[in-house]
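Listed below, chain by chain, are the residues.
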Amino acid sequence: MSQLEIRPGLEDVPVAKSAISFIDGKNARLEYRGIAVETLALESSFEEVSWLLLKGDLPTQRELAEFDGQLRQHRRLKYKLRDLIKTLPETGHPMDALQAGVAALGMFYPARDVRNEQSNWLSVIRILAKMPTIVAAFHRLRVGDDAIPPRDDLDHAANFYWMLFEREPTPAVRKVLDACLILHAEHSMNASTFSGRVTASTLSSPFSVISAAIGTLTGPLHGGANQETLEMLEEIGTVANVKPWLEQKRAADPKFKIMGMGHRVYKVKDPRATVLQQLAEKVFVESGRPALYDVAVELEKVAEPIYGPKGVYPNVDFYSGTVYRALGLPSDLFTPIFAIARSAGWLAHWLEQLQNNRIFRPEQEYVGKRNQPYIPLAKRP
Ligand code: ACO
């Protein structure tokens, strides 16, 4: 009998020392490299935050200009990759297309020697720059339109919007999209980051690392929650229906989980949800306040006395869906946008893992049969 203690979900088990982001789940505090995420969301840009996460400090003006220039230069996809994306079923989920696209990038840009810092940096640039193009291309092609080439006179957020809609975002829309990318860029040792680090620990290429992380982010208990939250709000439909809907769900299943609520680390409201709400107001001035946003606010209010004592409050995904919907984005693109943002954090963790690598090889407690005889097929009943 094993004496090892199993911690399901590795709860509270540290698996690495990391200097990338800090979370205080009791005090709603999230810092990237020591800087509060709220400040970054309001003051910074996704490009600057990516550098901060990857390099450890804020860039100088020159460093940022060069980094931004490199990102703009590497946005395009090879026509073979675009053709590959075109052949994917249009009914498939864009997260699967993104995962396939990033894995395929690894065939176009082999990066097997992960001890080479120069080629590692080039891979970082390529992955950050091309993920929005892959998502936008899949979206355009699946509805029968041509993919829209990236524009190098637009920043990361505005160019992504352009490639989706062939129009430039208004300043308020650009700011909110950029802030959403910042808010989702990094979040310590969550499931997808851990999955990326496990893959990194085998010295796989960065394209494998990021495609593994994308696969993990897809699930509804993780990044997939933003799409599911919006679909849940649509099912509820009206503010008046919130209370009866929740009562009915809880009667059918006392353990019913509200999508977009709860978090392994935060036992109070996720600070990112609070900033998102502030930013959302700016978009709603232009788009009008969506009815589903009011449904979400009411659900938070009705749920608080029931779930608050368990430490279950809105996480970042509770409000992101209504904001994205106000920007005109289809709901199955919400999680890919999360992945576009989180690629910065995943890549920072990839580089950090390589600095002091040891392959992940945890233990298990074997609970199966032992020393069984093999019975030939003909003799089995
Ligand atoms: N709605 C209602 N009750 C909940 C919720 C929820 N969303 N989340 C947790 N609870 C309850 C559980 O039923 C459990 O209650 P109990 O103690 O009476 O058994 C208690 O809170 C603890 O919940 P666990 O599931 O054990 O918490 P865990 O840390 O394992 O899970 C998770 C965290 C997966 C995020 C969970 O809260 C959940 O499934 N939320 C909904 C999906 C979601 O929004 N995911 C996005 C997370 S954020 C992100 O990935 C960006």
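None of the values given here were measured: they were computed from a predicted structure.

What about the nonpolar core?
- Counting 113 residues, the largest nonpolar core has Tyr-32, Ile-258 and Leu-299 as the members making the most contacts within it.
- At 13 residues, helix α6 (residues 117-142) tops the list of elements feeding residues into this core.

Comments concerning the domain arrangement of the chain
- Split into domains, the chain comes out as domain 1 (13-218 + 334-355) and domain 2 (225-326).
- For domain 1 and domain 2, the distance between their C-alpha centroids amounts to 26 Å.
- The interface of domain 1 with domain 2 comprises 27 residues on the first partner and 25 residues on the second.
- Of all residues in domain 1, the largest losses of buried area upon contact with domain 2 belong to Val-176, Leu-183 and Phe-334, amounting jointly to 29% of the total for that side.
- On inspection of domain 1 and its partner domain 2, the count reaches 0 salt bridges.
- Viewed at the interface, domain 2 and domain 1 are joined by 7 residue pairs in polar contact (both at pLDDT 80 or more).
- Going through the elements one at a time, β1 (21-24), β2 (29-32), α1 (37-43), α8 (171-183) and α16 (334-355) are the ones with two or more residues in the side of domain 1 that touches domain 2.
- A total of 7 residues in the side of domain 1 that touches domain 2 trace back to one element, the largest contributor, which is α8.
- A per-class count over the side of domain 1 that touches domain 2 returns 16 nonpolar, 6 polar and 5 charged.

A few points about the packing of aromatic side chains
- Here the structure, examined in full by the defined rule, presents 10 aromatic pairs.
- When the centroid spacing of 6.0 Å and the interplanar angle of 85 degrees are considered together, the rings of Trp-51 and Trp-121 count as edge-to-face. Taken together, the residues span a long stretch of sequence, with Trp-51 in helix α2 (residues 46-55) and Trp-121 in helix α6 at a distance of 70 residues. One exposure class covers both Trp-51 and Trp-121, and it is buried.
- Both rings, one in Tyr-324 and one in Phe-334, keep their centres 5.3 Å apart while their planes meet at 45 degrees; by these two values the pair is tilted. Placement of the pair is Tyr-324 in helix α15 (residues 316-326) and Phe-334 in helix α16, with a sequence separation of 10 residues. Neither Tyr-324 nor Phe-334 differs from the other in exposure class; each is buried.
- Cluster of aromatic residues (ring-pair linked, three or more members): Phe-284, Tyr-293, Phe-318 and Tyr-319.

Here we look at the sheet that holds β2
- The 3 strands lie next to each other as β1-β2-β3, forming an open sheet whose pairing is antiparallel. Of all the strands in the sheet, the pair left with one neighbour each is β1 and β3 (35-36).
- Relative to β3, β2 runs antiparallel, the two being bridged by 2 bridges. The partner of Tyr-32 across the bridge, within β3, is Ile-35.

Topic: the pairing of β2
- Pairing geometry for β1 and β2, over 4 bridges, is antiparallel. Within β2, the position partnered with Asp-24 by the bridge is Arg-29.
- Taken together, β1 and the strand that follows it, β2, pair antiparallel across an intervening segment of 4 residues, in which Ala-28 is found at a positive phi of about 50 degrees.

Remarks on helix α14 (residues 291-307)
- Compared with an ideal rise of 1.5 Å per residue, which puts 17 residues at 24 Å, α14 spans 24 Å between its outermost C-alpha atoms and is within 8% of the ideal.
- Here α14 has its buried residues at Leu-292, Tyr-293, Val-295, Ala-296, Leu-299, Glu-300, Val-302, Ala-303 and Tyr-307.

Here we look at a positive patch on the surface
- Residues Arg-250, Lys-255, Lys-257, Arg-264, Lys-267 and Lys-310 make up a contiguous surface patch of positive charge.
- Residue placement: Arg-264 occurs in the loop between α12 (242-252) and α13 (271-287).
- Relative accessible area serves as the criterion here: at 49%, Arg-264 is assigned to the partly exposed category.

A short note on the packing of α15 against α16
- For the pair α15 and α16, interaxial distance at closest approach is 10 Å and the crossing angle is 110 degrees. By the criterion of interaxial angle, the relationship of α15 to α16 is roughly perpendicular. Note on element contacts: α16 touches α15 through Phe-334, Ile-337 and Phe-338, opposite Asp-317, Gly-321, Tyr-324 and Arg-325.
- Of the residues assigned to the contact of α15 with α16, the class counts are 4 nonpolar, 1 polar and 2 charged.

Thoughts on the environment of Val-297
- Mapped onto the fold, Val-297 is located in helix α14.
- Assessed through its relative accessible area of 30%, Val-297 is described here as partly exposed.
- With residues near it in sequence (within four places) discarded, Val-297 still touches Gln-277 and Tyr-319.

About the thresholds
Residues numbered from 1 in each chain as written. Predicted model: local features only at pLDDT ≥ 70, side-chain atom pairs only at ≥ 80, totals over all residues. Heavy atoms only, no water. Core = buried A, V, L, I, M, F, W, Y, C linked by side-chain atoms within 4.5 Å. Buried < 20%, exposed > 50% of the residue type's maximum accessible area, 1.4 Å probe, protein only. Helix = DSSP H or I, 4+ residues; strand = E, 2+ residues; numbered from the N terminus. Domains from an automatic or database assignment. Contact = heavy atoms within 4.5 Å. Buried area = accessible area lost by both parts, 1.4 Å probe. Salt bridge = Lys/Arg side-chain N within 4 Å of Asp/Glu carboxyl O. Polar contact = N/O pair within 3.5 Å; in protein donor to acceptor, adjacent residues only side chain to side chain. Nonpolar A, V, L, I, M, F, W, Y, C, P; charged D, E, K, R; others polar. Phe/Tyr/Trp six-rings, centres within 6.5 Å; stacked < 30°, edge-to-face > 60°. Pairing = 2+ DSSP bridges. Expected span 1.5 Å × (residues − 1). Patch = residues over 30% accessible without salt bridge, like charges linked within 9 Å, V, L, I, M, F, W, Y side chains within 5 Å. Areas by Shrake-Rupley, 256 points an atom, 1.4 Å probe, with all protein chains shown as cover. Lys, Arg positive; Asp, Glu negative; His and termini not counted. Charge placed at Lys NZ, Arg CZ, Asp CG, Glu CD. Axes fitted to C-alpha atoms, helices over the stretch in contact; angles between N-to-C directions. Parallel < 35°, antiparallel > 145°, perpendicular 65-115°, else oblique.

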